[in-house]
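Structural features, examined
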Amino acid sequence: MNLPNHWELPPNCDRVKGKMQGTRFPRWIMNFPNNSRRGMRFGAFAGLLLFLAPPSLHAQQPENDQPRQRPQAASGFSFTLPKIHPPSPPKGQVPAAGVPVFFDASALGSALLLNHNWRLGIASSKDTTPAQPDFDDSKWPLRDANESMVDVDDSKADDDSPSGIQQEPKQKEADRQSRKRIRSYAWFRLHVKLPEHHGPLVLMVRVPVSRNSQISFGGTVGMDLFVNGKLILPEGPNGPSRDTYMQTSRIYPIEIPASDTTLTLAARTPYVAVGMDAYTSFFAHRTFFLGERDDLHSHLDLWRHAMLFERLPALVVSGLKVLVALFLLTLFYTQKDHPEYLWLGLQMLLVAPLPFLGMQGSMGQMDQLWLAASVFQLLLISAYLYFEFLVAFLALRRRWYILALRWTAPLLLTLGPLLLFVESGKTAIAIAFVVSLLFALLWTLMWLIFVGLTLTIAAIKRNYEAALLLLPLLLSIVGMFELVSTSSTSSWLGTPVQSPLTFQAGPIPIHFSDVADFVGVFVIILIVFVRFLRIHKERERASSELAAARSVQELMIPRESPQTPGFHVDTVYTPAAEVGGDFFHIEATGDGGLLIVIGDVAGHGLQAAMNVSMLMGALRRSPQTSPSQILAGLNQVLVGSASFTTCQAAYFAANGELTLASAGHPPPYLNSQEVPLPGGLPLGVIDAIVYEETRLYLHPGDRLLMMSDGVAEARKSNGELFGFDRVRNLSNQSAFFIADAAKDFGQEDDITVLTVRRLAQAAAA
């Protein structure tokens, strides 16, 4: 029975794959007779020792091609086997020069992992002969598809040309100097032995699932794949322009006749000596599979599911951010006096798409330049929105540094567009991009200092909401440090490194940055909930107070006009808020006359209602009928109250005589004509003021219009005022018509309209 020289475990045997992959058993062990129990026991024991031995002992390679020894842990258990030198193979089994070493895929069934017998060589960018199937690569060293390979002495490539033809010493030196100036490539060649009458085959190149961040740029360097000397483009989106997209797992179609039993693969990548993109880490970023299309598409679907699982926590947090943002915008719609809800809702809407953009980029669905421009622009705009949220949330005064951050923020909008056009090669655009980038970095630094100091000072002042906002900020900084450190470590070691702060929840990895984002969303929900409860309680208390004030005001301001013999009075009162600041007083005197006082207290709400209550109380207690004395008395009531009131008093005598006095109130209209009155200061401004009186005469049927300034100050949405011209044109209409016209035009203040018409019966009496 002939046993193969190389034993390989199936790719899906994960438990032992790491220990057995690339293991080479000496032929003299495997050639023991099958009927020898002693030989079988010795072979099994030796195989067990090789299985348990460190990876450095698994592969017996030539002396000049020994792999690097991995450092052993200080507390680990290790032992060293003695070197076993197998006997030389019989004559006829050593491949002659120019005869390739094949990867045996003659028993191809399911997808096969191409993990050994790769030839590695270095050539200049001008040399494409290594892609040809007849290229002699017998002098190139063999390598297994390990994450870290032994490098090759690329200086030997100068001793012989890539085709193996000897060169003269002068030509060698010229080539050495040329290689320093010309970009070189690392070539990986594999000869595959295929089964006879095979079906259509494809090649899958799988890249590792990123475990460092949700959004990354650049990735590993690109690769060109040749099959039998022909450049093969991958299937799927952006195949021809794949260099501008991130490296993703792709299917490469292989078009060879079914009668061909050999296949030559040649992969070319730019020569990088050190770092994560070094050619010695080529297989750390790529795994090659050969098989049928359906099988490899299943592998590709598994890779996509792994990418989804990797980003699932970030996507869930993104969905939560969208829901919280919509809730905040709804709160702002109902509570427009709290702009912090608007700023925070918009900020969360802008950062929510970032995980989706990162996933599109990692799947090769989005150009890297567009991805970078979109991400950077969204981050800068969201930073400005968070700045405005913090200013409104903490009710900060407009200091110079706040104004500087606010008025320079529009320049941040130039970074993304300039990044998209920077590849045009124009010097002006490149200079503008550098300036925009430096400004964005400076603005971001100022933003970090402002946010950190503001929240810290507020927390020291026992603002617990600001202290809660500090927690996700600190966690986000730790998460960013985690991502940067793991990325730097991966680049330094030349192999992917997973952060120790990442833990697994079944197939789903939970990164520390995901935890920071979730804590941030939870803190925002908690703050909004507590703030909403507090504002709701304050509004309920204020609403109850306003309801009580409105009840008092309704008792003092009559809903219906009282009996006024000899005069017909119409009144309309429409407050702009729940409690208004307008008032009027109508009183029929014992001598057949009529006293009317109309006024407008500055402001709205509870304080205005209290001033109205004081004035109405003073009017009801006053025995005066002289308009000037009434205004002087009301002025004494309001002096020292830190408020002022415009007011107008009119006394209609039974014989038709009218006496008017005004304290800064809009003039009345007599039969559609404005009545000029002497100017007077509003009530409550200064003490001991004398108001002048104006006397007129009303004929039977004459009509006097008195109103508050809310009629003329009604305003449309475009800013157009109702104005006194419209008031004069409508002054002969009823009080209800005038009030409705002003209200429909756009009410902004309390509206009070009062009309008085002298009756003919009173004149006859």
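The rules behind the values
Residues numbered from 1 in each chain as written. Predicted model: local features only at pLDDT ≥ 70, side-chain atom pairs only at ≥ 80, totals over all residues. Heavy atoms only, no water. Patch = residues over 30% accessible without salt bridge, like charges linked within 9 Å, V, L, I, M, F, W, Y side chains within 5 Å. Areas by Shrake-Rupley, 256 points an atom, 1.4 Å probe, with all protein chains shown as cover. Salt bridge = Lys/Arg side-chain N within 4 Å of Asp/Glu carboxyl O. Helix = DSSP H or I, 4+ residues; strand = E, 2+ residues; numbered from the N terminus. Buried < 20%, exposed > 50% of the residue type's maximum accessible area, 1.4 Å probe, protein only. 1 Å grid on protein atoms, 1.4 Å probe; cavity = no way out; pocket = protein on both sides within 12 Å on 5 of 7 lines; lining within 4 Å. Points joined across faces, edges and corners; volume = space filled by probe spheres on them. Nonpolar A, V, L, I, M, F, W, Y, C, P; charged D, E, K, R; others polar. Lys, Arg positive; Asp, Glu negative; His and termini not counted. Contact = heavy atoms within 4.5 Å. Pairing = 2+ DSSP bridges. Axes fitted to C-alpha atoms, helices over the stretch in contact; angles between N-to-C directions. Core = buried A, V, L, I, M, F, W, Y, C linked by side-chain atoms within 4.5 Å. Left-handed = near helix turned anticlockwise from the far one by under 90°.

This next bit is on a nonpolar patch on the surface. The grouping of L468, F518, F522, L526, F529, V530 and L533 at the surface amounts to a nonpolar patch, some 610 Å² of accessible area in total. In terms of residue count, the dominant contributor to the nonpolar patch is helix α15 (residues 512-556) (six residues). Tracing the sequence through the fold places L468 in helix α14 (residues 464-493). Here L468 falls in the partly exposed class, since its relative accessible area comes to 31%.

Moving on: unusual backbone geometry. Across the chain, the bulk of peptide bonds are trans and the bulk of non-glycine residues have phi less than zero. Unusually for a residue other than glycine, H197 sits at a positive phi of about 55°. Here H197 is to be found in the loop between β5 (184-193) and β6 (201-206). One non-glycine residue, A395, adopts positive backbone phi at about 50°. Its place among the elements puts A395 in the loop between α10 (368-393) and α11 (400-408). A395 gets classed as exposed once you look at its relative accessible area, which sits at 63%.

Scanning the model with the defined rule gives 15 salt bridges in all. Of the charged contacts, one joins R304 and D301 as a salt bridge, the two residues approaching to 3.7 Å between their closest N and O atoms. With R304 and D301 both in helix α7 (residues 293-334) and three residues apart, the pair spans about one turn of that helix. Since its relative accessible area comes to 36%, D301 is described here as partly exposed. The residue K716 makes a salt bridge to E720 at a minimum N-O spacing of 3.9 Å. The network of salt bridges with common partners includes E340, E465, R531 and R534.

What follows is about empty space enclosed by the protein. For the structure on display, the rule yields four cavities of 30 Å³ or more. Computed from the structure, the second largest cavity encloses a volume of approximately 60 Å³. What lines the second largest cavity is simply L328, E340, Y341, L344, F389, F393, L469, I524, I527, V528 and R531. Broken down by element, the lining of the second largest cavity gets its largest block of residues, four residues, from α15. Partitioned by chemical class, the residues of the lining of the second largest cavity number nine nonpolar, no polar and two charged.

Let us now look at the side chain of D367. For D367, the position within the fold is in the loop between α9 (354-362) and α10. Notably, D367 is buried but unbridged: the nearest opposite-charge side chain belongs to R250, and the N-O separation is 10 Å. The residues contacting D367, other than those within four sequence positions of it, are T244 and Y245.

Let's shift gears to the sheet that holds strand β19 (residues 669-670). Taken in spatial order, the five strands of this open sheet run β14-β23-β22-β19-β20, and their pairing is antiparallel. Two strands lie at the open edges of the sheet, namely β14 (567-574) and β20 (673-674), each paired on one side alone. As judged from the two bridges shared by β19 and strand β22 (residues 703-707), these two strands associate in the antiparallel manner. Across the sheet, Y669 pairs through a bridge with L705, a residue of β22. Helix α19 (residues 735-746) rests against β14, β22 and β23 (751-758) of the sheet, and its axis sits at about 160° to β23.

Okay, the nonpolar core next. Residues M348, L390, F450, L455 and L469 are the most contacted members of the largest nonpolar core, which totals 49 residues. Looking at this core, the elements that each hand over two or more residues are α7, α8 (339-351), α10, α11, α12 (415-421), α13 (427-460), α14 and α15. Looking at this core, the element that brings in the most residues is α10, giving 11 residues. Residues A105, M149, L203 and F288 belong to the second largest nonpolar core, which totals 32 residues.

The next thing to look at is the environment of A760. Within the secondary structure layout, A760 lies in helix α20 (residues 760-764). Given a relative accessible area of 49%, A760 falls into the partly exposed group. For the pair formed by A760 and G566, sequence separation is 194 residues and the distance between their alpha carbons is 7.7 Å.

To continue, consider the packing of α11 against α13. At their nearest, the axes of α11 and α13 sit 11 Å apart, and the two run at 145° to each other. Between α11 and α13 lies a crossing whose hand is left-handed. In contact with Y401, I402, L405 and T408 of α11, α13 contributes F439, W443, M446, W447 and F450. In the contact of α11 with α13, the residues fall into eight nonpolar, one polar and no charged.

Spatial strand order, β2-β11-β6-β9: four strands in an open sheet with antiparallel pairing. Either end of the sheet is taken by a strand with one partner, and the two such strands are β2 (112-113) and β9 (250-254). With two bridges joining them, β2 and strand β11 (residues 287-291) adopt antiparallel strand pairing. Looking across to β11, one finds that L113 is bridged to F289. Sheet strands touched by α7: β6, β9 and β11. Its angle to β6, the strand with the most contacts, is close to 15°.

In short, geometric facts, not functional conclusions.
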